[in-house]
Structures are given as structure tokens and as C-alpha cells.
Amino acid sequence: MGRTVVVLGGGISGLAASYHLSRAPCPPKVVLVEGSERLGGWIRSVRGPDGAVFELGPRGIRPAGVLGARTLLMQVSELGLDSEVLPVRGDHAAAQNRFLYVGGALHALPSGIRGLLRPSPPFSKPLFWAGLKELTTPRGKDPDETVHSFAERRLGPEVSLGDSNLEADHIISAIPASALSKLLPAEAAPLARALSTITAVSVAVVNLQYRGARLPVQGFGHLVPSSEDPGILGIVYDSVAFPEQDGSPPGLRVTVMLGGSWLQTLEARGSVLSQELFQKEAEKAAATQLGLKEPPSHCLVHLHKNCIPQYTLGHWQKLESATQFLAAQKLPLTLAGASYEGVAVNDCIESGRQAAARVLGTEPNS
């Protein structure tokens with residue numbers, strides 16, 4: 001009888017792992033286990049009453065470099081989805097322009113060599129020289145460091161399924177590290193302790209649509225420093241990159257991301273996190289930062305709890321410790337997903353591919 005591989009988690013990492021396992025010359029039996037009513041994880045598209053498309057999670061993927069070509073372009077082609085791709089050219093405003101909202105105004109972030117060689121508000125010095133200084137600055141004594149410190153210094157197992165158990169020869173876990181830590185048996189306590197410290201933060205996503213409105217600038221979107229607003233992370237200008245998804249008649253679409261210390265404080269206090277609260281804050285930000293003062297014609301609010309893993313100080317040591325424990329104990333468990341080596345969609349797809357390659361005994365391409 002052939003091997004059975006259980007994949008925990010039907011997000012993009014688990015789906016990628018299942019896909020590559022199933023394409024092996026002698027594929028094992030693959031059992032995908034997902035706890036919710038749908039697949040895709042944080043990636044989810046919703047169509048509005050006028051046909052407009054609203055992305056509740058990631059809304060695009062950058063196919064740049066070897067990783068992008070392998071994880072995205074090749075897989076899209078293999079799945080026969082080429083005709084479904086909405087490309088954004090490199091010279092498009094959404095690809096070229098990104099902004100920072102500081103001091104009550106939008107500032108274009110430098111792009112290209114010319115932009116790096118001259119001061120660009122809100123920065124007081126050309127970013128080129130800061131980068132050059134970084135290349136010549138001696139590395140710190142610690143193996144890794146916090147972003148704050150960096151900036152300051154440098155500018156045969158069983159899977160339990162409720163009341164039943166599922167026999168497997170190997171498990172690929174593509175669920176969050178903290179969730180996996182609670183499922184491990186007592187003999188894997190050292191691994192559970194390491195995984196339990198890989199935490200994640202929540203983000204509220206508010207999709208807004210406006211009739212007859214225009215943006216003051218054209219680009220991908222803008223970021224908002226916490227010093228400017230502790231609750232607004234940024235706003236994505238969805239209609240600029242993908243006007244094809246504006247519906248009929250077309251309406252301006254933007255997505256406001258809320259989180260940061262503001263949301264963490266509310267969660268710690270046990271405050272009521274209502275849709276009305278997030279919608280109010282999002283509409284206020286769109287009005288203040290983009291001049292969209294009329295009420296939106298359509299609004300969607302979703303709170304994604306613990307959706308973005310935090311790679312805190314010592315993260316790579318945790319991964320090394322986990323890897324060593326799995327190897328020493330010869331546990332038939334492979335880790336995949338955003339908790340470990342990258343939170344971007346490409347990173348997650350690659351993590352699933354590599355997990356499948358390890359289980360199959362084939363070396364992943366570098």
C-alpha cells in the first residue's frame with residue numbers, strides 16, 4: 001500500500017503542498033484537512049452587487065525574480081489559468097507609484113536612481129547615501145536585531161479530527177505555528193514551546209466603493225506611519241491597478257487596512273470590535289487622507305484575527321531549533337506556511353512546494 005500524507009491547512013501553502021505531492025511520478029495518497037468551510041486561507045475574493053470584485057486579503061502577486069517565476073508564472077500556466085491573469089505593466093502607475101501619508105499630506109516614495117539621489121519629502125536626506133552607509137557599517141554583534149534597533153543604529157503519526165483519528169505516514173503542517181503547538185503530543189514539548197512563541201497580529205480590512213469619486217493621486221496606495229495614525233496601516237487604491245474589477249457602472253474601490261497598536265490595545269482590553277467601529281475609522285481615514293468625503297456606496301468589513309506572523313528577535317534561532325528537533329527525533333512532520341520563512345503569497349507557495357519536495361525525498365530547486 002502507498003503512503004498517506006496528511007496536509008493540515010487549506011490556505012495557499014497547504015494547497016501548494018497538496019498540488020506538488022499529487023504531481024509526483026508516484027504520488028502518495030494526499031488528505032487535505034481544513035477546519036473552515038472554504039479553501040484559500042486569507043486569500044478571498046467577493047463580488048459585489050454591481051459585479052465589482054473586492055479582495056479581503058492579498059490582491060496581487062509580484063512575479064519578479066526566480067521565485068516569482070517558479071511559484072507563480074509556472075504554476076499559473078500548469079493550472080491553465082493564463083487567461084485569468086490581469087497583468088500590471090512595469091510602467092503602470094500602480095507599479096511605479098507608492099506614497100507615504102505624513103504631516104497631513106501624501107508624499108511620493110522615491111523610485112528609480114534619480115529619486116534615490118535627491119532629498120524627497122518627508123525624508124530630509126537622499127536615500128542613496130543612507131543605503132551606501134548601511135553597506136559600509138559594521139554588522140551588529142547580535143545574530144539578528146529588531147527593526148527599531150536596526151533603524152536607530154543604521155538608518156506514523158495520528159491527526160485528531162474531533163472525535164476521530166486519521167492515520168498518516170507523514171504530516172505537512174500548513175497551519176499557524178501557535179495553532180500547531182497546541183496539537184503536538186507531550187513528547188514534542190520542546191518543539192511546541194518554540195512554535196508557541198511565533199505569534200501573529202490581527203488586521204481589519206475595510207473595502208470601500210465610491211460613486212463618481214476620483215483619487216488625488218495615481219498609484220498602488222499609501223502607507224501611514226503609526227506616529228501619524230496608530231490605527232491605520234495604509235490604503236490600497238484597488239481601482240488604479242485593476243480597473244477591470246470596478247463593476248458596472250464602475251465605482252472607485254479602495255481598501256483601508258487597520259491594525260497596529262490601536263487594534264492590539266482594543267484586543268487586550270477585551271473591547272467590542274464591531275464592524276461599525278472599523279467602518280467608521282476607515283471612512284474617516286479615506287475622507288481625511290484621500291478627500292473621499294461622500295458616504296461609500298458599498299462597504300465590506302472583515303477582521304482577520306492573528307493573520308500576519310511576527311518574526312521577532314530570535315526568530316531564525318527558533319526555526320533552527322525546530323528543524324534540529326524534528327531531525328533528531330525523526331518525526332514525520334514537515335512545517336510550511338507563513339509562520340516560518342516569509343508571509344508573502346509567493347513565499348507561502350514556495351514553502352508548500354519545498355515541504356512537498358522534502359516529503360517526496362526530492363531536493364527543492366534553489
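Here the structure is shown first, and the text comes after it.
What this report covers is the structure whose coordinates are included nearby. The residue count restarts for each chain, going from 1 along the sequence in the order it is written. The model is predicted, so local features are restricted to residues of pLDDT at least 70 and side-chain atom pairs to those at 80 or more, both for listing and for counting; the totals for chains, interfaces and linings are taken over all residues. Side-chain metrics rest on all non-hydrogen atoms present in the structure, leaving aside hydrogens and water.

Some remarks on helix 8 (residues 189–196)
Think of an α-helix as 3.6 residues a turn; residues three or four steps apart then line up on the same face.
Alright, step 1. Burial classification: accessible surface area is computed with a 1.4 Å probe over protein chains only, and a residue below 20% of its type maximum counts as buried, one above 50% as exposed, and the rest as partly exposed. Under the DSSP-based scheme used, a helix requires at least four consecutive residues in state H or I and a strand at least two consecutive residues in state E, with every element numbered from the N terminus. Among the residues of helix 8, those classed as buried are Leu191, Ala192, Ala194 and Leu195. Projection of helix 8 onto a plane perpendicular to its axis shows the buried side chains occupying an angular sector of 165°, all on one side.
Alright, step 2. Structurally, helix 8 contributes buried residues whose contacts are with helix 7 (177–181), helix 12 (315–329) and strand 15 (333–335). The directions considered for the arc are those from the helix axis to the C-beta atoms. Two residues form a contact once any of their heavy atoms are found within 4.5 Å.

Let's talk about the packing of aromatic side chains
Alright, step 1. Pairing of aromatic rings covers Phe, Tyr and the six-membered ring of Trp, with a centre-to-centre limit of 6.5 Å; geometry is then stacked below 30 degrees between planes, edge-to-face above 60, and tilted otherwise. One pass over the full model with this rule turns up 2 aromatic pairs.
Alright, step 2. Ring geometry for tyrosine 311 versus tryptophan 316: centroids 5.9 Å apart, planes at 65°, classification edge-to-face.
Alright, step 3. On the basis of relative accessible area, tyrosine 311 is assigned to the partly exposed category, the value being 30%.
Alright, step 4. The exposure class assigned to tryptophan 316 is partly exposed, which follows from its relative accessible area of 44%.
Alright, step 5. Charge-over-ring contacts are defined here by two conditions on Lys NZ or Arg CZ: a distance within 6 Å of the ring centre and an angle within 35 degrees of the ring normal. Its end group placed over the ring of phenylalanine 220, arginine 98 keeps NZ or CZ at 4.7 Å from the ring centre.

Examining the sheet that holds strand 6 (residues 105–108)
Alright, step 1. Strands sit in the order 6-5-11-12-13-10-14 across an open sheet of 7 strands; the sheet is mixed. Only two strands of the sheet have a single neighbouring strand rather than two, namely strand 6 and strand 14 (298–309). Recorded for the sheet is a direction-independent mean angle of 25° between the axes of neighbouring strands.
Alright, step 2. Packed on one face of the sheet, helix 10 (residues 260–269) meets strand 10 (200–210), strand 12 (232–236), strand 13 (252–258) and strand 14 and runs near 115° to strand 10.
Alright, step 3. The strands touched by helix 11 (residues 275–290) are strand 5 (98–102), strand 6, strand 10, strand 11 (221–223), strand 12, strand 13 and strand 14; relative to strand 10, the strand with the most contacts, the crossing angle is about 65°. Here, a strand pair is defined by DSSP locating no fewer than two bridges between the strands. Throughout, an axis means a line fitted to C-alpha atoms (over the contacting stretch in the case of helices), and angles, computed between N-to-C directions, take values from 0 to 180 degrees.

Some points on the sheet that holds strand 9 (residues 170–173)
Alright, step 1. The sheet built from 4 strands is open, its strands ordered 2-1-9-15 with parallel pairing. One side of each edge strand has no neighbouring strand; the edge strands of this open sheet are strand 2 (29–33) and strand 15. Adjacent strand axes in the sheet meet at a mean angle of 20°, parallel and antiparallel pairs treated alike.
Alright, step 2. Pairing geometry for strand 1 (residues 4–8) and strand 2, over 5 bridges, is parallel. Across the sheet, threonine 4 pairs through a bridge with lysine 29, a residue of strand 2.
Alright, step 3. Sitting on the sheet, helix 1 (residues 12–22) is in contact with strand 1, strand 2 and strand 9, with an inclination near 170° to strand 2.

Section: the nonpolar core
Alright, step 1. As used here, the term nonpolar core means buried Ala, Val, Leu, Ile, Met, Phe, Trp, Tyr and Cys residues forming a set that is joined through side-chain atoms within 4.5 Å. In terms of nonpolar packing, the biggest core is built from 29 residues, with Val206, Leu208, Leu215, Val254, Val256, Leu258 and Leu292 touching the most fellow members.
Alright, step 2. Mapped by element, the contributors of at least two residues to this core are strand 5, strand 10, strand 12, helix 9 (238–241), strand 13, helix 10 and helix 11.
Alright, step 3. Tallying contributions element by element places helix 11 first for this core, with 5 residues.
Alright, step 4. Not counting the four nearest positions on each side in its chain, leucine 258 is found in contact with Ser202, Val203, Ala204, Val206, Gly231, Ile232, Leu233, Leu263, Phe278, Glu281 and Ala282.
Alright, step 5. One finds Val31, Ala168, Leu180 and Tyr340 within the second-largest nonpolar core, a separate group that totals 22 residues.

Coordinates in, geometry out; function isn't part of it.
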